[in-house]
Amino acid sequence: MKVYAKTIPQTLPNWATTITTCADLIEVEINDGHPDFQSLLEELETEIEPGIMGVKAEDLCSRLGIEMSNPYLYQLLEQAQTLISLIAWHPDYKQLLDLGYSPDLNIADAQTALTYLQWELERNR
């Protein structure tokens with residue numbers, strides 16, 4: 001699991017590693033299978049919505065001393081479009097399609113949804 005932050009503490013737990021650091025973004029990889037991380041998740045778990053248990057990102061980051069990055073929505077949409085394109089052309093994805101994988105919604109649907117959201121952002125600027 002990756003977390004993108006503005007700031008992080010000098011010392012991270014042994015299950016978290018800084019991957020990249022640039023002026024306004026720090027990429028931290030979390031070994032979400034590590035027992036210490038799992039214990040932290042169990043400790044922070046709350047009812048997010050009626051009947052839905054989970055951990056709020058805000059609570060996790062607060063405990064770790066991480067200030068989350070909050071990029072502009074348009075930047076996130078561009079990144080998501082790039083990732084979806086990479087998935088669409090990935091050999092493993094193509095192999096799944098060849099083996100008969102046919103979800104109700106597909107990569108093109110995701111790309112279309114993101115495009116509509118980009119258009120709405122531009123229209124409301």
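Just so it is clear, the model here is predicted, and its values are computed rather than measured.

Caption draft 1: Highlighting the sheet that holds strand 3 (residues 25–30). Strand order in this open sheet of 4 strands is 2-3-1-6, and the pairing throughout is antiparallel. Of all strands in the sheet, those with a lone pairing partner are strand 2 (16–22) and strand 6 (67–68), marking the two edges. One ladder, built from 2 bridges, connects strand 1 (residues 2–7) with strand 6; its direction is antiparallel. Across the sheet, residue T7 finds its bridge partner in strand 6, namely E67.

Caption draft 2: Summary view of helix 2 (residues 57–64). L60, C61 and L64 are the residues of helix 2 that are buried. Mapping the buried residues of helix 2 onto a view down its axis gives an arc of 95°, with all of them on the same face. Exposed side of helix 2, more than 90 degrees from the buried face: E58 and S62 are the residues found there. Here the buried face of helix 2 lies against strand 1, strand 3, helix 1 (35–44) and strand 6. Of the residues trailing helix 2, G65 is marked for its positive phi of about 75°.

Caption draft 3: Quick look at the packing of helix 3 (residues 73–88) against helix 5 (residues 107–123). One can describe the packing of helix 3 onto helix 5 by two numbers: an axis separation of 10 Å at closest approach and a directional angle of 160°. Compared by their axis directions, helix 3 and helix 5 come out roughly antiparallel. Relative to helix 5, the crossing made by helix 3 is left-handed. Together, L73, Y74, L77, E78, A80, Q81, I84, S85, I87 and A88 of helix 3 and I107, A110, Q111, L114, T115, L117, Q118, L121 and E122 of helix 5 make up the contact between the two elements.

Caption draft 4: Layout of the pattern of salt bridges. Within this structure, the stated rule accounts for 4 salt bridges. As a salt-bridge pair, K2 and E27 come within 3.1 Å of each other at their nearest N and O atoms. Of the two residues, K2 is situated in strand 1 and E27 in strand 3; the sequence distance between them amounts to 25 residues. For the salt bridge of E120 with R123, the shortest nitrogen-to-oxygen distance reads 2.7 Å.

Caption draft 5: Spotlight on the packing of helix 1 against helix 2. One way to put it is that helix 1 packs onto helix 2 with a least axis distance of 11 Å and a crossing angle of 125°. When the axis of helix 1 is compared with that of helix 2, the two are oblique. Here helix 1 and helix 2 pass one another in a crossing that is right-handed. In this structure, helix 1 contributes F37, L40, E43 and L44 to the contact, and helix 2 contributes D59, L60, R63 and L64. Counted by class, the contact of helix 1 with helix 2 contains 5 nonpolar, no polar and 3 charged residues.

Quick notes on the rules
- Residues numbered from 1 in each chain as written.
- Predicted model: local features only at pLDDT ≥ 70, side-chain atom pairs only at ≥ 80, totals over all residues.
- Heavy atoms only, no water.
- Pairing = 2+ DSSP bridges.
- Helix = DSSP H or I, 4+ residues; strand = E, 2+ residues; numbered from the N terminus.
- Buried < 20%, exposed > 50% of the residue type's maximum accessible area, 1.4 Å probe, protein only.
- Arc of directions from axis to C-beta.
- Contact = heavy atoms within 4.5 Å.
- Axes fitted to C-alpha atoms, helices over the stretch in contact; angles between N-to-C directions.
- Parallel < 35°, antiparallel > 145°, perpendicular 65-115°, else oblique.
- Left-handed = near helix turned anticlockwise from the far one by under 90°.
- Salt bridge = Lys/Arg side-chain N within 4 Å of Asp/Glu carboxyl O.
- Nonpolar A, V, L, I, M, F, W, Y, C, P; charged D, E, K, R; others polar.

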